[in-house]
Amino acid sequence: MIDVNTFQNKTAAYYTLGCKLNFAETSTIGKTLKAHGIRKARPGEKADICVINTCSVTELADKKCRQTIRRIARQHPQAFIVVTGCYAQLKPDEIAHIPDVDLILGAEQKLDILQYLGDLHKRQEVGEVITTPTRDIRKFSPSCSRGDRTRYFLKVQDGCDYFCTYCTIPFARGRSRSGTIEQLTTQAREVAAAGGKE
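From a predicted model like this one, the values you see are computed outputs, not experimental measurements.

Peer 1: What is the right way to read the overall build of the protein chain from this model?
Peer 2: In terms of helices and strands, the protein chain carries six helices and eight strands. Beginning at the N terminus, the succession of helices and strands in the protein chain can be written as β-α-β-β-α-β-α-α-β-β-β-β-α-α. The C-alpha radius of gyration computed for the protein chain amounts to 16 Å, which stays within 12% of the reference 16 Å derived for 198 residues, consistent with globular compactness. Along the longest, intermediate and shortest principal axes, the C-alpha atoms of the protein chain span 45 × 40 × 30 Å. By sequence separation, contacts in the protein chain at least 24 residues apart represent 68% of the contacts at least 6 residues apart. Accessible area of the protein chain: about 10,900 Å², with a carbon and sulfur share of 53%. If you average the places of the 30 positive and of the 22 negative side-chain charges in the protein chain, the two averages end up 7 Å apart.

Peer 1: Honestly, the pattern of salt bridges in this entry has me stumped. Any pointers?
Peer 2: Pairs can form between side chains of opposite charge once their charged atoms are near each other. Counted by the stated rule, this structure contains 16 salt bridges. Close ionic contact of arginine 123 with glutamate 128 constitutes a salt bridge, the shortest N to O distance being 2.7 Å. Look at arginine 123 and you get partly exposed, because its relative accessible area is 28%. Within the structure, one salt-bridge network assembled from shared partners comprises Glu25, Lys110, Lys155, Asp158, Arg173 and Arg177.

Peer 1: Whenever I open this one, the sheet that holds strand β5 (residues 101-105) confuses me. Can you help?
Peer 2: In sheet architecture, strand pairing relies on hydrogen bonds along the backbone and comes in two forms, parallel and antiparallel. Within the open sheet, the six strands sit side by side as β2-β1-β3-β4-β5-β6. Their pairing is parallel. Of all the strands in the sheet, just β2 (38-40) and β6 (128-130) have a single pairing partner and so form its edges. Within this sheet the neighbouring strands show an average axis-to-axis angle of 25 degrees, counted without direction. Sheet topology places strand β4 (residues 80-85) next to β5; three bridges connect them, and they run parallel. Bridged to valine 82 within β5 is leucine 103. The strands that helix α2 (residues 59-75) touches are β1 (10-16), β3 (49-54), β4 and β5; relative to β3, the one it contacts most, it runs at about 170 degrees.

Calculation notes
Residues numbered from 1 in each chain as written. Predicted model: local features only at pLDDT ≥ 70, side-chain atom pairs only at ≥ 80, totals over all residues. Heavy atoms only, no water. Helix = DSSP H or I, 4+ residues; strand = E, 2+ residues; numbered from the N terminus. Rg over C-alpha atoms; globule rule 2.2 N^0.38 Å. Contact = heavy atoms within 4.5 Å. Areas by Shrake-Rupley, 256 points an atom, 1.4 Å probe, with all protein chains shown as cover. Lys, Arg positive; Asp, Glu negative; His and termini not counted. Charge placed at Lys NZ, Arg CZ, Asp CG, Glu CD. Salt bridge = Lys/Arg side-chain N within 4 Å of Asp/Glu carboxyl O. Buried < 20%, exposed > 50% of the residue type's maximum accessible area, 1.4 Å probe, protein only. Pairing = 2+ DSSP bridges. Axes fitted to C-alpha atoms, helices over the stretch in contact; angles between N-to-C directions.

Have a look at this one:
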């Protein structure tokens with residue numbers, strides 16, 4: 001059960017590394033939190049919650065994620081820090097030991113973030129890890145959002161069935177899955193009705 005009173009007058013800051021799908025999902029997370037009373041932090045304002053959506057395409061991407069997490073923790077010293085995305089799915093225990101990280105959500109949990117925020121109390125030791133083993137990821141979480149951008153991004157597919165030697169997607173996002181044509185066309189119609197041009 002989600003206690004909406006916990007979230008009243010709270011602020012959140014969002015950070016996205018990686019692909020356009022990550023940007024769309026971060027924007028969807030932002031819409032979800034806003035609908036429960038959490039306002040987006042203004043530039044320079046200390047946030048109560050920081051959501052970092054990560055990438056893990058290369059070792060360099062992992063390093064950039066670690067640097068970003070540490071930087072955000074310094075900028076928002078009292079914030080409840082949530083790390084999600086591909087790096088979180090692939091190396092959750094590594095992230096859990098980064099100081100000040102409170103919650104690590106895997107690929108299947110990220111868009112259900114409200115279920116895992118709890119009372120927003122900082123963890124004393126290692127962050128809490130909530131992930132589904134990659135082979136067991138089955139859920140498709142719809143995402144259609146634009147955030148601060150002009151274009152809308154409509155997620156039609158997630159994961160991949162091809163295990164190319166250079167690619168982490170099947171390991172970070174699971175097997176290929178998508179919404180139904182009816183769900184996707186409904187989302188597209190809603191965007192058009194709201195004035196979305198592309």
